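Chain residues, written in single-letter form:
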Amino acid sequence: MDLKTAVETVTMQSTIRRHRELFASVHKRPLIFLIRPDFSSATAFVLGCHVADEAILTGFQEWLVTRVGCGSNVFWPHLVLRLTEPVGPKNARELDPESDRRAFDALFSLLDEFLALREEHDGLRRVYRAYEEWQELRDDNGCLETEAPECPVVDWPRPASIG
């Protein structure tokens, strides 16, 4: 690894660490950061962070797809909802207050797990490797990216710190 790559890696790890701390603070005290402490406001905030600061969520969509087993053609907040409420509403506006709170909590839990993985030296590469494996399994099984039960789920990568 050359010096430039090493500096970029350390810079990205620092950025990720900062965002993990920020998202933990937002989760703990949402009204300091958000207009409303709900899933829609939280996803808007997270997306703003992604756009504003070095594409912090690069790989998040793919990582979620490997966990859900389908949905490479939908936006990541819908994948979080599928993980939170597998048989419930797929639209944040349709969530009852209890489901909204579960989705809100799940979002920050998933973000922390994903960013812990991204912080690792080969984390993003592992995400994309798992996503490629999922695509191959999907193609082999004829899954049309629907909610059909035959859509594959792969052994998605976890951060070493979680095991």
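My aim in this report is to walk through the structure given alongside it, one point at a time. All figures in this text were calculated on a predicted structure; none of them were measured in a lab.

## Overview of the overall build of the protein
(1) Moving on: Of the regular secondary structure elements, the protein holds seven helices and zero strands.
(2) Moving on: When the helices and strands of the protein are placed in sequence order, the string is α-α-α-α-α-α-α.
(3) Moving on: Buried residues in the protein amount to 44% of all 163 residues.
(4) Moving on: Across the protein, contacts joining residues at least 24 apart in sequence account for 64% of those joining residues at least 6 apart.
(5) Moving on: Surface summary for the protein: the accessible area is close to 8900 Å², and the carbon and sulfur share equals 53%.

## Re the packing of helix α4 (residues 60-68) against helix α5 (residues 76-84)
(1) Moving on: Interaxial distance between α4 and α5 falls to 10 Å at its minimum, and their mutual angle equals 30°. Between α4 and α5, the angle falls in the class roughly parallel. Handedness of the α4/α5 crossing: left-handed. Across the interface between the two elements, Phe60, Gln61, Leu64, Val65, Arg67 and Val68 from α4 touch Trp76, Leu79, Val80, Arg82 and Leu83 from α5.

About the criteria used
Residues numbered from 1 in each chain as written. Predicted model: local features only at pLDDT ≥ 70, side-chain atom pairs only at ≥ 80, totals over all residues. Heavy atoms only, no water. Helix = DSSP H or I, 4+ residues; strand = E, 2+ residues; numbered from the N terminus. Buried < 20%, exposed > 50% of the residue type's maximum accessible area, 1.4 Å probe, protein only. Contact = heavy atoms within 4.5 Å. Areas by Shrake-Rupley, 256 points an atom, 1.4 Å probe, with all protein chains shown as cover. Axes fitted to C-alpha atoms, helices over the stretch in contact; angles between N-to-C directions. Parallel < 35°, antiparallel > 145°, perpendicular 65-115°, else oblique. Left-handed = near helix turned anticlockwise from the far one by under 90°.

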